[in-house]
Amino acid sequence: MNSESGPGAGGAPIRHVRRRTDSDLGACVEVLADVHGQDGYPVNWPDSPGGWLSQPALLAAWVAELDGRVVGHIGLSRSEPGDAAPVLWSSREGASSAPAVVVNRLFVAPAARGHGIGALLLAQAMRDAQERDLHPVLDVVASDASAVALYERLGWELLAAVEQQWSPEQAVVVHCYAAAG
């Protein structure tokens, strides 16, 4: 997996990304609750947050630790009906023929931001996708400016902005991205 210490020695936080285990779910749900409280992600709080993190289409998931504490999460999943980014990726003209895989459930504890945790998690998911000969794609609610800024800073390509009907009363605009390359 991926371990790094921060700049310099002596007291710099140690960052580490590893495969998520079942015993991590409680800590992940706690971090997710903090993120939801501060940022509104996920937009709709799931009835079963642990189940939401372990959806049936999940291929792999990782957690990030900062000084030994779980502070972030990311998943890699097969596309499901209603996922716009994989459809946009596969319908591009002259594009790579690698099938898409969906990067999802990415979040970082508010108190752990600024340590490059989101970038480390994305790098791990991208490595795993490449090992599977799949191309990573994702979507993000258009109003999530910090997530949009992260993906764009890391070179993800905006495929389109699309409106999705999440329920009869809720239409949401999402930005669909594909990893560069």
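Quick notes on the rules
- Residues numbered from 1 in each chain as written.
- Predicted model: local features only at pLDDT ≥ 70, side-chain atom pairs only at ≥ 80, totals over all residues.
- Heavy atoms only, no water.
- Phe/Tyr/Trp six-rings, centres within 6.5 Å; stacked < 30°, edge-to-face > 60°.
- Buried < 20%, exposed > 50% of the residue type's maximum accessible area, 1.4 Å probe, protein only.
- Helix = DSSP H or I, 4+ residues; strand = E, 2+ residues; numbered from the N terminus.
- Core = buried A, V, L, I, M, F, W, Y, C linked by side-chain atoms within 4.5 Å.
- Contact = heavy atoms within 4.5 Å.

Trainee: Even after reading the chapter, I still don't get the packing of aromatic side chains, so can you show me in this structure?
Mentor: Think of a pair of aromatic rings as described by two things: how far the centres are apart, and how the planes are tilted against each other in angle. On inspection of all chains with the given rule, the structure shows three aromatic pairs. Ring centres of Y151 and W156 lie 6.1 Å apart, and the angle between their planes is 55°; this geometry places the pair in the tilted category. Note on accessibility: Y151 and W156 belong to one class, buried. Note on Y151 and Y177: the rings are 5.9 Å apart at their centroids and 50° apart in plane angle, and the pair reads as tilted. Of the two residues, Y151 sits in helix 5 (residues 145–153) while Y177 sits in strand 8 (residues 170–178), which places them 26 residues apart along the sequence.

Trainee: Looking at this structure, I do not really get the nonpolar core. What am I missing?
Mentor: As a rule of thumb, nonpolar side chains are buried together in soluble globular proteins. Core analysis: the biggest nonpolar cluster contains 40 residues, and W62, I74, V103, L121, L122, Y151 and W156 have the highest contact counts within it. Among the elements that make up this core, the one with the highest residue count is helix 4 (residues 117–131) (six residues). Residues within four places of L122 in sequence aside, it is in contact with I74, V103, L106, L138, L150, Y151, L154 and W156. Residues A85, W89, L159 and C176 belong to the second largest nonpolar core, which totals 11 residues.

Function-wise, these values are silent; they only describe arrangement.
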